[in-house]
Structures are given as structure tokens and as C-alpha cells.
Protein chains: 2
Amino acid sequence: MQERKRTEIATLGEFGLIKHLTEGIELKNESSKYGVGDDAAVLSYPDKQVLVTTDLLMEGVHFDLTYVPLKHLGYKAAIVNISDIYAMNGSPKQMIISVAVSKKFCIEDMEELYAGIQIACEEHNVDIVGGDTSSSLTGLAISITCIGEADKDKVVYRNGAKETDLICVSGDLGAAYMGLQLLEREKAVLRGEKEVQPDFSGKEYLLERQLKPEARKDIIEKLAQMNILPTSMMDISDGLSSELMHICTQSKVGCRVYEEHIPIDYQTAVMAEEFNMNLTTCALNGGEDYELLFTVPISEHEKIAEMEGVKMIGHITKQDLGCALITRDGQEFELKAQGWNALSEKNN
Amino acid sequence: MQERKRTEIATLGEFGLIKHLTEGIELKNESSKYGVGDDAAVLSYPDKQVLVTTDLLMEGVHFDLTYVPLKHLGYKAAIVNISDIYAMNGSPKQMIISVAVSKKFCIEDMEELYAGIQIACEEHNVDIVGGDTSSSLTGLAISITCIGEADKDKVVYRNGAKETDLICVSGDLGAAYMGLQLLEREKAVLRGEKEVQPDFSGKEYLLERQLKPEARKDIIEKLAQMNILPTSMMDISDGLSSELMHICTQSKVGCRVYEEHIPIDYQTAVMAEEFNMNLTTCALNGGEDYELLFTVPISEHEKIAEMEGVKMIGHITKQDLGCALITRDGQEFELKAQGWNALSEKNN
């Protein structure tokens, strides 16, 4: 392996580091009035609603640096926040990044992390308007705030789903979770050994879904082009079951989801079998797919049927019918939010 | 000591905890359209510039829970961000809070932390519009994003100071730093011992400045009432020297600051003597006072002289004259940014 250059962060100091990481950043969006370098960023949104979302990612809980390269981590951390803006039917415009790092990290590490963040920001036309670096006693913490815009009458909340609405989901589900299982298994196998490259051939899609998830800008754009305004929407970060229950609780409705309609990739299915896991459970409860879950009035059925990359998986019901999965053999099971829970016992 | 109730966070889970902490929160500001509970907060700022600032605070680096009660920590974490909005000559309006906690914390701890945040938000008319809790492997991390507004032509940056401008500072300096020294000393004295109450009498002001700093809303309001628009402004979080150099670098100017005019409280002076520290150095380099440092045109001299709680400490010069302190005996010393640096060696 090539020797990597390692420059201690202390050689630059706090102000030097943030200056180094953010220099050369240009503001491209009309709404970005002033970026890095003052007490606050200055933005202007005269004609739009402003959307603000934030995420705090902790090493060892939200990511594992033994198998996540820092560039991928930066990319994913940015994407997760960008995805939240799309999930409101908005367009991401600005980002503020705070990082706290322990001594094990060097300037080159921070450059990698920032490079990943910047790639994601460029892809989604997001300006980096603020940043901060400080130290941490243990590990890496990343806090990202993403700001976006939406037309006043186009913001889509979680609470607007209506009885008979169709439930739709983009892409496929469970792959990011299977990618995580795969990485965890290889980590366990390789623990203590060196210079052995795990064989991931034929499983690239699962790894990509876990390590480099995408935010579904394309779906938001297509919905707008086709003049479809979802009645409710959110992105799937904790798992389909959990997110569906958020929409149903907040909209005061129930739902029926059909097992046979849940979109699952071939590699996900193969991997679930290899791990002896129930495939539907993986698709329902595996998190981090960052696909969009949304509901539309039943009158949009034909338009949605035409849409590439979107599947109708069920429909909204009266609240007293509860939330249930209809299996392939016609049985009804109550949905449970077993989603990936960063505060559950196993993660502590 | 009274036995405190301890309820494990796992009994509520992630969604339960955030729901528990944020329930009953009402939105009061016109600009707050939708708060906690969706992928992003929704705000509306048709006629104003939007200010956004964020801070990431890590246990053991930015705060020490051995002497900082969680309620004070919450209050201070909120104030630090609110202060950044005032420092742009804005009004804080919304806040989003993310916390990551290890198992040593219980629900009652989080309630304390939130109670402190809420007190600060109520004092400054800030709506809590979003939040998130997750776990951490070690200690507590708090990420706060504060959003505010300012009239388009009233935003004050760091880069507008002009030659001959007067340099002004609110309140007094160095007290928060002396408060920290005091707490650190008592911590060292008491290490290993129990139930001994340190004697802080006569030093209450220093402790209050460290544990419960205030954001200078009153100064921003007074400046507006008196029709004074500063040419540059920032809040003093890292120390007067360091902040002055930020203003001078960004404004491409130099400055002269007079030792005799730097406002210092009596308790700070007494304490510096007790610690055998140079008082001016403490006032120049001690951080966390959260006072406002600003420059105004020399034509505002009389108005500023009338203002209670504001002192003129020097003036802006041409850039090539550099940044210097004029001591009581007329000597000139170059200012150095020795400010509290969270990435410096000693803090790692």
C-alpha cells in the first residue's frame, strides 16, 4: 500500500483548517448572499418557503471507519441531508458543515471528507455557506445543516395522506441494509488479519447502496414535470415500515401494503438467502435506502404507472383499519416499526 | 443529596425521546411555518435576509460536565448560537437541536438539557422547529442551528470596518475566562474528595459569566433605537485579540486598542491577582464572554459615549499600521490571536 502523507491538524489550527478546507468555494445560488467567514451565513428567500434540516453523525454509531472511506462518508453525510430537502418536495441550496475530530485524524483525512461533501454538493447545486472545525476527545462527529427552498403551495408534509391514496416508493429497498450486513461480515472475518481483500464481486450494487447512496432529485423533478403533487412524502432512512407508520400516524390514516409489490433488487434477494434472512423483513425494516416514499390521489394512478423507477406498493385506508402488510398468500400482518434505531439497546 | 430519578433512554427509544422532549412546543414567530416532526422545518422570510449559524459542542472539549450542570449547558449552547445572530445585527427566530448521548445519560438528564435550551429560547423569542436525538459511544455531543432575520440593508458583517472608525465593546471582558479558571481549580482541589462545597462567595459574577453567559440583545436594540448602524460587528467568543484580528483582516485595516479603556470587572481583577495572571492578557485572550465587538464611524462618537454598557476601546487605522495594543505607559505591542483555540495542542 502506498504511504499516505500525514499532516497534523495542529500545524494549521482551527481557523487555518477551516480556511484551508473552504477556500476556493464559490457561491452559485441566487439565494446565497454571504457564505463562510462571518458569524452566520446570509441568505435571501423572498418568494419561497425555506426548508431547514440538520443531522448529527457520530463515529461508531452512524458510521464505521474500518470500512467506510472518508470521502464516501462525506458524500453520504451530505446526501442524507439533501435527501431530506427533496423529501419535502424542495430544492437543496445551501449547506453548513461542522466537524469535530480527534487527534487520530490528519489534514489529509479532512480533505478527503470535504472532497466527498463537495462532490455531493456539486451534483445537487448546493453552496457550502458555513463551516466549523473543532476537536473531539474520541472519534469523529459530523453535523450538517442543509437549507433548501420550495414554492409555498408545493411543500409536501408527512401529514397529508388521504384514504384511497396510492402508496408509492422509488427505486428498490433493502439493498443498503444488505450492503451493511456484507461489510459487517467481512469486518468480522478479517478481524486480526491483514492484506486480505474480501471478495465483493457480484455484490457491488449492495455496497454502493450502503456506501454511496443517492438522493432522488430525479424523482422530484419527474413528479413536477408530470404535474403530480404528492399528498405526503418522506425519505426512507429508517426503513419502509417505520416511515409508513410516521405518515399514517401524522395523517391519521391506516394503510395496506402488498408484499409482492415491494421493489427489491436481485442482488438483495440473493444476499438475503445467503444470510438466511427473510427478504421482506429486510426490505421493510432495512434502513438507509434514501428512496422516496409518497402518496398520491388515486386519480394519478395512470401517470404513476408510466413513471420509471416508481412502484405502487399499496394504498391508504381509514385509520381504524391500522397499518398492515398483505403477504403473497393473502395473510395480513400488522406493520411494526422495527426500523434501524440509533437509540435501541443493541446500538448502545 | 436527594436521590435523583433515573429513567433509561431505551425505555422511550429515539422517536419517543424526541417526541417527549419537544411535545408542547408552540410556534410563536410568523416566520415559523412548520416545526418538529417532518424531514425539514418550513420557514417563510419574504421580506428579510435569512441568517443561519450552527455550532457543534463536544463533551470534554467545549464543556466539562463535572462542573457544568446540564441545564446551564443547554442554556449556554443555545445562547452561543443566538449571540451569533445578534452579531450580524439580526433577530434570532428559530432553532434546531441535535443531541447524541451515551448510556450514562438518562431521560431526566435530557429533560434538564432541554429545559435550559427552552429558557434561552423563550427569553429571545426563538421557536424550536426541529430536533433529533441519537446515541453516542462516548459522552454528549450537541449540535445547534439557529436561524434569524435581518433587514436587507442592516446586516452587519466583519468586513466593513473603515479607517478612523471607533472600536466599541459591550459589557466587560475576561470574566468568563476567570470563571473557568476558578472552576478548574476547584475541580483539581476536590478531585477524589466528596461532599465538600467549594467556597465561591464573592466570585459569583465570574461563575455566572462562565456558566450562564448572556446574548446582548439589549445592545442590538439600543443601537437600532439610537439609529447607529455599526460598520462591522462580531461576538467575542474566542477573545478580544482574536476577534479584532478577524475584523481587521477581513476589513483590510489595522487597529489601535488602548489597555486603559478595556472594560474589566472588579471581580475579574481580584481573581487575576489571586491567580497571579496578567489582567490585560486575560481580558484580551480570555474567551466565552459573548460580548459584542463592533466598529462605528467616528461621527457616532457622542451617541456611543451616551450609551450605557458600551465602551470605546480604540480606533481603526490603515492596514499597514498593523494591529496593536497601547499600554498604560504608552508602549505599543502587536496584538496576537492567542484566543481559546479548540484545536490547539493543549486541548487535544
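Residues numbered from 1 in each chain as written. Chains lettered and ligands numbered in written order. Predicted model: local features only at pLDDT ≥ 70, side-chain atom pairs only at ≥ 80, totals over all residues. Heavy atoms only, no water.

Naming follows an unreviewed UniProt entry, where chain A appears as Thiamine-monophosphate kinase of Bacteroides luti. Quoted verbatim from the Pathway (unreviewed entry) field of UniProt, the annotation for chain A is "Cofactor biosynthesis; thiamine diphosphate biosynthesis; thiamine diphosphate from thiamine phosphate: step 1/1." Its UniProt record, at the heading Sequence similarities (unreviewed entry), says of chain A: "Belongs to the thiamine-monophosphate kinase family." (UniProt positions renumbered as here; feature names shortened; annotations may be inferred.)

K.L.:
I'd like to hear about helix α2 (residues 70–86) of chain B, residue by residue, with values.
P.N.:
Helix length check: α2(B) (17 residues) gives 24 Å between terminal C-alpha atoms against 24 Å at 1.5 Å per residue, within 8%. For α2(B), a buried count of 15 out of 17 residues is recorded, marking the element as mostly surrounded by other parts of the structure. (Helix = DSSP H or I, 4+ residues; strand = E, 2+ residues; numbered from the N terminus. Expected span 1.5 Å × (residues − 1). Buried < 20%, exposed > 50% of the residue type's maximum accessible area, 1.4 Å probe, protein only.)

K.L.:
Kindly report on the packing of helix α4 (residues 175–190) of chain B against helix α5 (residues 204–211) of chain B, identifying the contributing residues and their values.
P.N.:
Residues and elements named next belong to chain B. Close contact between α4 and α5 brings their axes to 7 Å; oriented N to C, the two are set at 100°. In this view, α4 runs roughly perpendicular relative to α5, as classed from their interaxial angle. Listed contacts from α5 to A175, A176, Y177, M178, G179, L180, L182 and L183 of α4 are Y205, L206, L207, R209, Q210 and L211. Its residues assigned to classes, the contact of α4 with α5 shows 11 nonpolar, 2 polar and 1 charged. (Axes fitted to C-alpha atoms, helices over the stretch in contact; angles between N-to-C directions. Parallel < 35°, antiparallel > 145°, perpendicular 65-115°, else oblique. Contact = heavy atoms within 4.5 Å. Nonpolar A, V, L, I, M, F, W, Y, C, P; charged D, E, K, R; others polar.)

K.L.:
If you had to explain the domain arrangement of chain A to someone new, which residues and values would you point to?
P.N.:
Residue and element names in this part refer to chain A. Parsing chain A into structural domains produces domain 1 (9–154) and domain 2 (166–347). Centre-to-centre separation of domain 1 and domain 2, based on C-alpha positions: 26 Å. Every contact between the two is made by 24 residues of domain 1 and, on the other side, 22 residues of domain 2. At the junction of domain 1 and domain 2, the tally comes to 2 salt bridges. With a shortest N-O distance of 3.0 Å, K76 and E288 are connected by a salt bridge. On inspection of domain 1 and its partner domain 2, the count reaches 6 residue pairs in polar contact (both at pLDDT 80 or more). (Domains from an automatic or database assignment. Salt bridge = Lys/Arg side-chain N within 4 Å of Asp/Glu carboxyl O. Polar contact = N/O pair within 3.5 Å; in protein donor to acceptor, adjacent residues only side chain to side chain.)

K.L.:
Describe the UniProt feature "binding site: substrate" (unreviewed entry) in chain A, and please don't skip the residues or the numbers.
P.N.:
Mapped onto this numbering, the UniProt entry gives "binding site: substrate" (unreviewed entry) at H62(A), E288(A) and W340(A). Structurally, H62(A) can be placed in the loop between β3 (49–58) and α2 (70–86).

K.L.:
How would you explain the sheet that holds strand β6 (residues 141–150) of chain A if you had to name every residue and give the values?
P.N.:
Overall, mixed pairing links the 6 strands, which are arranged β5(A)-β4(A)-β6(A)-β3(A)-β2(B)-β1(B) in an open sheet. Because the sheet does not close on itself, it has two edges, and the strands there are β5 (127–135) of chain A together with β1 (32–34) of chain B. With direction set aside, neighbouring strand axes in the sheet form an average angle of 20°. Both strand β4 (residues 91–101) of chain A and β5(A) contribute to a ladder of 8 bridges, which runs parallel. Residue pairing in the sheet places S98(A) in a bridge with D132(A) of β5(A). This element, helix α3 (residues 107–123) of chain A, spans β4, β5 and β6 of chain A of the sheet and lies at about 170° to β4(A). (Pairing = 2+ DSSP bridges.)

K.L.:
Before we move on, could you go through the sheet that holds strand β13 (residues 332–334) of chain A and cite the residues and values that matter?
P.N.:
Residues and elements named next belong to chain A. One open sheet accounts for 7 strands, arranged β8-β10-β7-β11-β9-β12-β13; its pairing is mixed. The open sheet is flanked by β8 (232–235) and β13, the only strands paired with a single partner. Sheet twist, expressed as the mean angle between neighbouring strand axes with direction ignored, is 25°. With 4 bridges connecting them, strand β7 (residues 166–170) and strand β10 (residues 292–296) associate as antiparallel partners. Bridge pairing in β10 links V169 to L293. Here helix α6 (residues 217–225) sits on the sheet in contact with β7, β8, β10 and β11 (310–317), set at roughly 20° to β10.

K.L.:
Any chance you could break down the relation of the copies chain A and chain B for me, citing the residues and the numbers?
P.N.:
Take chain A, turn it by 180°, move it 0.0 Å along the axis, and it overlays chain B with an RMSD of 0.0 Å. Here the two chains are linked by the operation of a two-fold rotation axis. The position closest to the rotation axis in chain A is occupied by the C-alpha of P46(A), lying 2.0 Å away. Most of the interface of chain A is mirrored in chain B, where 100% of its interface residues again form contacts. (Least-squares fit on C-alpha atoms with pLDDT ≥ 70 in both.)

K.L.:
Give a detailed account of the pairing of strand β12 (residues 323–326) of chain A, specifying residues and quantitative values.
P.N.:
All names here are of chain A. Of the two faces of β12, the one carrying C323 and L325 and the one carrying A324 and I326 are both buried. Judged from the 4 bridges that link them, strand β9 (residues 254–258) and β12 form a sheet pairing that is parallel. Directly across from V257, in β12, lies its bridge partner L325. Strand direction decides the pairing type here: β12 and β13, joined by 3 bridges, are antiparallel. From the neighbouring strand, A324 faces β13, where its bridge partner is E334. Hairpin connection of β12 to β13: 5 residues between the antiparallel strands, including G330 at a positive phi of 85°.

K.L.:
Tell me about helix α7 (residues 240–251) of chain B, and please be specific about residues and values.
P.N.:
Residue and element names in this part refer to chain B. Over its 12 residues, α7 runs 16 Å from end to end, which matches the ideal 16 Å to within 8%, given 1.5 Å per residue. For α7, the tally of buried residues reaches 9 of 12 residues, placing the bulk of the element in the interior. Two residues or fewer past α7, K252 is found with a positive phi of approximately 55°.

K.L.:
So what about the packing of aromatic side chains? Which residues, and what values?
P.N.:
Any two aromatic rings considered together are summarised by their centre-to-centre distance and by the angle between their planes. Enumeration over the complete set of coordinates arrives at 2 aromatic pairs over all chains. Ring plane angle 45° and centroid distance 4.5 Å describe the contact between Y34(A) and Y157(B), whose orientation is recorded as tilted. Linking Y34(A) in strand β1 (residues 32–34) with Y157(B) in the loop between β6 (141–150) and β7 (166–170), this pair reaches from one chain into another. Here Y34(A) matches Y157(B) in class, with each residue buried. (Phe/Tyr/Trp six-rings, centres within 6.5 Å; stacked < 30°, edge-to-face > 60°.)

K.L.:
Explain the pattern of salt bridges to me, using residue names and the numbers behind them.
P.N.:
Applying the stated rule across the entire model yields 42 salt bridges over all chains. Members of the salt-bridge network, linked through shared partners, are R209(A), R216(A), D218(A), D289(A) and E291(A).

K.L.:
Tell me what's going on with unusual backbone geometry, and back it up with residues and numbers.
P.N.:
With the exception of glycine, most residues fall at negative phi, and the peptide bonds are largely trans. At N276(A), a position not held by glycine, the phi torsion is positive, near 60°. Considering the arrangement of structural elements, one finds N276(A) in the loop between α8 (266–274) and α9 (279–285).

K.L.:
Could you give an account of the interface of chain A and chain B, naming the residues involved and the relevant values?
P.N.:
Tallying the contact residues gives 69 residues for chain A and 69 residues for chain B. Interface of chain A and chain B: buried area, both sides summed, is about 5700 Å²; carbon and sulfur atoms make up 56% of it. Summed over the shared surface of chain A and chain B, the result is 4 salt bridges. One salt bridge in this structure joins R158(B) and D39(A), with 3.1 Å as the shortest N-O distance. Viewed at the interface, chain B and chain A are joined by 19 residue pairs in polar contact (both at pLDDT 80 or more). Sort the elements by how many residues they give to the side of chain A that touches chain B and β3(A) lands first, with 9 residues. Residue composition of the side of chain A that touches chain B, by class: 33 nonpolar, 23 polar and 13 charged. Here strand β2 (residues 41–44) of chain A runs beside strand β3 (residues 49–58) of chain B; their pairing, made up of 4 bridges, is antiparallel. (Buried area = accessible area lost by both parts, 1.4 Å probe.)

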